[in-house]
Amino acid sequence: MGLKEQIALLEASGWHIAPFAPDLQAATGLVAGGWREGWDEPVWRCPECGASPDPALWEVEGRAVQGWACPACGALGLEEHLPRERRVIHRAWTAEELAQEVERYRPRPVARSLGEEVRRKEAWARERLEALLEEVKSAPSGARNNTLASAAYRAGALLRRYPVGGLEGVLERLVEAAVAAGLPRAEARSTAERGLKKGFEGGA
Ligand SMILES: [Zn+2]
């Protein structure tokens, strides 16, 4: 598949891509760059003053809950009080990475019946769940708890729409992924449970 076809395929999946000029390709090894809209994510920005809040654990009804404290204005809050934003994702690819990206977005067979469409969506949801677990497993040490909370929430939202696993089973897998990343088991369980439940019930 040529570069033009690869770009056309990815643009059909929501990317906006421009190939790089030959001299830039030669200098950097990158063949193209582009952007797409990402997922809604909490933004670590104080809703009062806009400064960057520090993560802090608060106790709510006897449970440890991920929260924050703003060093600039003294505001306190929970993660769910942070603003949410759909961030733009920017990327540049080498020829090899572009081929891998295309493979990820490879068009599935067009649905011929409702059953096929449902199976296609479930296959997508299963892949999405694995990607979330991988995100938790590979979270850097300063972001493990936040990554777990966010992934658990998204896994819950996924389970609400697609029957790709039971809540209990997915909870166990999230906990194992977080423990593999180095999070203490008890902390992992409470964060994962809370996020999963919130996502599943459709809370903000
Ligand atoms: Zn503030």
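Residues numbered from 1 in each chain as written. Predicted model: local features only at pLDDT ≥ 70, side-chain atom pairs only at ≥ 80, totals over all residues. Heavy atoms only, no water.

Looking at an unreviewed UniProt entry, one finds the chain named TFIIB-type zinc ribbon-containing protein and attributed to Thermus brevis.

Within the protein, the atoms that donate to the zinc ion are C46 (SG), C49 (SG), C70 (SG) and C73 (SG), at distances of 2.2 to 2.3 Å. Every donor counted, the 4 donor atoms about the zinc ion form angles of 104 to 113 degrees at the centre, which fits tetrahedral coordination. Here the donor residues for the zinc ion map to a single chain with the spacing C-x2-C-x20-C-x2-C. Of the two residues, C49 sits in the loop between β2 (30-42) and β3 (54-60) while C73 sits in the loop between β4 (63-69) and β5 (76-78), which places them 24 residues apart along the sequence. (Donors = N, O, S within 2.8 Å, 3.2 Å for Na, K, Ca; no water. Tetrahedral: all angles 85-135°; square planar, octahedral: opposite > 155°, others 65-115°. Helix = DSSP H or I, 4+ residues; strand = E, 2+ residues; numbered from the N terminus.)

Looking now at the domain arrangement of the chain. When the domains of the chain are assigned, the result is domain 1 (1-42 + 83-107), domain 2 (44-80) and domain 3 (110-204). Computed over C-alpha atoms, the centres of domain 1 and domain 2 are 35 Å apart. (Domains from an automatic or database assignment.)

Here the focus is the sheet that holds β5. If you trace the 3 strands from one edge of the open sheet to the other, you get β3-β4-β5, paired in antiparallel fashion. The sheet is open, and its two borders are formed by β3 and β5, each paired with just one other strand. Each neighbouring strand pair of the sheet contributes to a mean axis angle of 45 degrees, computed without reference to strand direction. Here 7 bridges tie β3 to β4, and the two strands are oriented antiparallel to one another. Within the sheet, the bridge partner assigned to A56 lies in β4 and is G67. (Pairing = 2+ DSSP bridges. Axes fitted to C-alpha atoms, helices over the stretch in contact; angles between N-to-C directions.)

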